[in-house]
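Descriptive analysis of the structure
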Amino acid sequence: MFSVRGPKLKYFAAILAVICLFGGVYFTFFQSRGFEKTSATIVDLEADQTGEDVTYYPIVDYTVDGVSYTGRVDQGSGSYSVGDTITIYYNPENPEIIHGGKGIGIYFMIASVVILAIVIVSSVREHRGLKETKETIRESGNTKYAPHMEGEERELYFLTDLGTLKAGHRIEDANRKVLYEAKMTELTMFGAYKFDFIDHEHGTTIPHMVGHAEETQWGSILLDDHLTFEFDGVDVWKHLKENGISVETNYTAGESTLVGMKYHIFRDGAEVAVAEMTSQYPHEDDAAEHKLASAVPIEGFFRIWTKEQNLDLLFLTIMAFARSKSSDDKGGTIGAKIGTIKKLTK
C-alpha cells in the first residue's frame, strides 16, 4: 500500500504540474502544427458523465474545399449550445481529423503554474516555520526534555480530538483535568503542521512541527513496512530513540473484548509507563456508560499507568503511536509484526 499525504502529496503535485506543463506545451505549440483553421456549426452535443459532472462535446458540421464533413470536437464544455458557431482546426491532408484549438493547452499551462506555485510556497513556508520553531526552542532554553522524575503512580488518559481537521491530543487525569496537550495552530496540506505543546503542570508552552503520517516504504496491504511522521524535521522514531526511548509491544487479547495494543515504555532502560489502547472512552465511567463502544480499542486513545512526573517525552511517545498507527517503536504495523512472527516460526 502506498499513501499520498504530506511530503508525498507535494512530490505527487510537482510531478502532476510537470505533466500538465508538457501537455500544455504540446496542445498549444505542437498539436496544431500544419493544421488549418475554419468555422464549424454545432449540430449536436454528446454528453460524457463522470460521477455527477456532465461534460458536453460538440458534434459539428464544417466545409473544406467545398466538401462537407461532420466530426466530434475533442474539447468539452458545459456552455456549448446547438447552433453555435465555433472555430476548429483540421488536417489539410485528412480534413476528417479535427480538434478544438489551443484553448485546452493554455488551461494545462495555467494549472501547472498554479500547482508549482503552491508547492514552492508551501515548501518555503515549511522550511521557514521549521527554522523559526527551532530558534524559538533555542531561545526558550527548552532544548532538552525534562529529566526523569519519579513520584506516586498515576492512572492517566490519552485522548485524540475526533471530527476535526485540526486534531490535537491531550493527557487528562482521573478528574478530567488536562495535564499536557498538543494543540494544532496551523493546518497545511503539503508541509508539516504547527503545534503548541503545552505542559499545564509546569506552565510551559513549546512550539513543534509535526509532519503528516507517512508510509515510507512499499508493502502489501497487510505488511506496511514503516509508518512514521517527522517531528521538527526528524523521523519521530529516530528522535525518540536519540532521547533514550524504547518500547515493548504486547497484545491485549483476552484482557479486552477485542484485540488492542499494550506498550511498555522505557527511558534509558528503565520502565517509565505502560500505555494500553482503549476505545474513545478511556475514562472508566465513560466506558461503563458506553459498554458496546468501549469494547472496541481504536488508535489515538490510551489508558496510562506511570510514576513519571515530567510528561513531555512520554506524551510524544504515545502521540507517535496515536498519529502513525504503528504497532512498535520501529514504525511497523500489526501486519508487519505478524509477518515477522511467521518468518521466525518457519
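Residues numbered from 1 in each chain as written. Predicted model: local features only at pLDDT ≥ 70, side-chain atom pairs only at ≥ 80, totals over all residues. Heavy atoms only, no water.

1. Observations concerning the packing of aromatic side chains
According to the stated counting rule, one finds 10 aromatic pairs in the structure shown. Plain terms: the ring middles of Tyr-62 and Tyr-69 are 5.5 Å apart, the flat faces sit at 20° to each other, and that makes the pair stacked. When its relative accessible area of 18% is taken as the criterion, Tyr-69 is described as buried. Both rings, one in Tyr-180 and one in Phe-315, keep their centres 4.8 Å apart while their planes meet at 40°; by these two values the pair is tilted. With Tyr-180 in strand 8 (residues 178-186) and Phe-315 in helix 5 (residues 312-324), this pair connects stretches of sequence that are 135 residues apart. One exposure class covers both Tyr-180 and Phe-315, and it is buried. Aromatic rings pair up to connect Phe-158, Tyr-180, Phe-195, Phe-197, Phe-231, Trp-237, Tyr-263, Phe-302, Phe-315 and Phe-321 into one cluster. The cationic tip of Arg-72 hangs over the ring face of Tyr-57; the distance from NZ or CZ to the ring centre is 4.2 Å. (Phe/Tyr/Trp six-rings, centres within 6.5 Å; stacked < 30°, edge-to-face > 60°. Buried < 20%, exposed > 50% of the residue type's maximum accessible area, 1.4 Å probe, protein only. Helix = DSSP H or I, 4+ residues; strand = E, 2+ residues; numbered from the N terminus. Lys NZ or Arg CZ within 6 Å of the ring centre and 35° of its normal.)

2. A word on the nonpolar core
Counting 38 residues, the largest nonpolar core has Phe-158, Phe-197, Ile-265, Phe-302 and Ile-304 as the members making the most contacts within it. Here the element with the most residues in this core is helix 5; it accounts for 9 residues. Formed by 11 residues, the second largest nonpolar core is a distinct cluster that contains Ala-40, Ile-42, Tyr-69 and Ile-86. (Core = buried A, V, L, I, M, F, W, Y, C linked by side-chain atoms within 4.5 Å.)

The analysis is restricted to geometry; functional conclusions fall outside its scope.
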